[in-house]
Amino acid sequence: MFEYLEEKYPDPPLYSKNIAARVQCRLLEDFADTVLADAGRILRLEVFGKPDPATRDQVAIFKADAVLRSAWSMLDKQLGDNEYLCDSFTVADIGCYALTRLLRFIGTVPDASWQRLCNWIGRMENRPSVRIDLREVNESFSALFAPRPRSAD
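Residues numbered from 1 in each chain as written. Predicted model: local features only at pLDDT ≥ 70, side-chain atom pairs only at ≥ 80, totals over all residues. Heavy atoms only, no water.

1. A closer look at the overall build of the chain
Move 1: Check the secondary structure of the chain and you find 6 helices and 0 strands.
Move 2: Mapped in sequence order, the helices and strands of the chain form the string α-α-α-α-α-α.
Move 3: Reported as C-alpha extents along the three principal axes, the dimensions of the chain are approximately 65 × 35 × 30 Å.
Move 4: Residues classed as buried in the chain amount to 34% of the 153 residues present.
Move 5: When the 20 basic and 23 acidic side-chain charges of the chain are each reduced to a single mean position, those positions are 2 Å apart. (Helix = DSSP H or I, 4+ residues; strand = E, 2+ residues; numbered from the N terminus. Buried < 20%, exposed > 50% of the residue type's maximum accessible area, 1.4 Å probe, protein only. Lys, Arg positive; Asp, Glu negative; His and termini not counted. Charge placed at Lys NZ, Arg CZ, Asp CG, Glu CD.)

Below, the structure written as structure tokens:
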């Protein structure tokens, strides 16, 4: 999908023009789609799929959390002193941020020990397109989790 958007709407670019950075960008996008998404899927199934904490697979939760802690460290290191994961805002940022935001709804976020990653999340959340999306998602979640009147059964 991103490559289609890149061809259809090349400005602003979603992939770096530098070939090495473009490869890194694709690897990070894949990292989001696999490592972050898989850990998120496990946590989503255990936390949302099993409302009773006593029924949750604590070993699976522990393993998924360990994967995420390793992922946060890798992403924090990848950022270094840069504003974005590659040489500019790319699909790597979109993919990794989308999964990071999803994980926040589950209750898993990088803490202050990953300062560069936390700063990156703040930068991502200040992008105009992300602010619009966050507002829409928050409105949807507010409606989804709003108290419902009890029926007179």
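2. Brief notes about the packing of aromatic side chains
Move 1: If you walk through the whole model with that rule in mind, you get 2 aromatic pairs.
Move 2: Between Tyr 84 and Phe 89 the ring centres are 5.6 Å apart and the planes differ by 75°, which places this aromatic pair in the edge-to-face class.
Move 3: We classify Tyr 84 as buried; its relative accessible area is 14%.
Move 4: Sitting above the plane of the Tyr 15 ring, Arg 26 keeps its charged end 4.9 Å from the centroid. (Phe/Tyr/Trp six-rings, centres within 6.5 Å; stacked < 30°, edge-to-face > 60°. Lys NZ or Arg CZ within 6 Å of the ring centre and 35° of its normal.)

3. Brief notes about the side chain of Ser 16
Move 1: In this structure, Ser 16 sits in the loop between helix H1 (2-8) and helix H2 (19-47).
Move 2: One polar contact links the side chain of Ser 16 to the main-chain amide nitrogen of Asn 18, over a distance of 3.1 Å.
Move 3: Within the local environment of Ser 16, its side chain forms a polar contact with the side chain of Asp 87, the two groups lying 2.8 Å apart.
Move 4: Among residues more than four places away in sequence, those in contact with Ser 16 are Ala 21, Arg 22, Asp 87 and Thr 90. (Polar contact = N/O pair within 3.5 Å; in protein donor to acceptor, adjacent residues only side chain to side chain. Contact = heavy atoms within 4.5 Å.)

4. Points about the nonpolar core
Move 1: Judged by nonpolar contacts, the single largest core of 35 residues is most densely connected at Leu 36, Trp 72, Leu 75, Leu 85, Leu 117 and Trp 120.
Move 2: Residue assignment for this core shows that the elements contributing at least two residues are H2, helix H3 (58-79), helix H4 (91-106), helix H5 (115-125) and helix H6 (128-145). (Core = buried A, V, L, I, M, F, W, Y, C linked by side-chain atoms within 4.5 Å.)

5. Some remarks on the environment of Ala 32
Move 1: In this structure, Ala 32 sits in helix H2.
Move 2: By relative accessible area, Ala 32 is classed as buried at 0%.
Move 3: For the pair Ala 32 and Trp 120, spaced 88 residues apart in the sequence, the C-alpha separation amounts to 15 Å.
Move 4: Here Ala 32 is in contact with Ala 37, Gly 95, Cys 96 and Leu 99, once residues within four sequence places are set aside.

6. What about a nonpolar patch on the surface?
Move 1: On the surface, Ile 19, Val 23 and Leu 27 cluster together to form a nonpolar patch covering roughly 300 Å² of accessible area.
Move 2: Mapped onto the elements of the fold, Leu 27 is located in helix H2. (Patch = residues over 30% accessible without salt bridge, like charges linked within 9 Å, V, L, I, M, F, W, Y side chains within 5 Å. Areas by Shrake-Rupley, 256 points an atom, 1.4 Å probe, with all protein chains shown as cover. Salt bridge = Lys/Arg side-chain N within 4 Å of Asp/Glu carboxyl O.)

7. So, the side chain of Asp 93
Move 1: Of note, Asp 93 is situated in helix H4.
Move 2: The side chain of Asp 93 is buried and forms no salt bridge, while Arg 127, the nearest opposite charge, is found at 7.4 Å.
Move 3: Within polar-contact distance, the side chain of Asp 93 engages the backbone nitrogen of Thr 90 at 3.0 Å.
Move 4: At a separation of 2.8 Å, a polar atom in the side chain of Asp 93 contacts the side chain of Trp 120.
Move 5: Those residues in contact with Asp 93 that lie beyond four places of it in its chain are Tyr 84, Leu 85, Ser 88, Trp 120 and Met 124.

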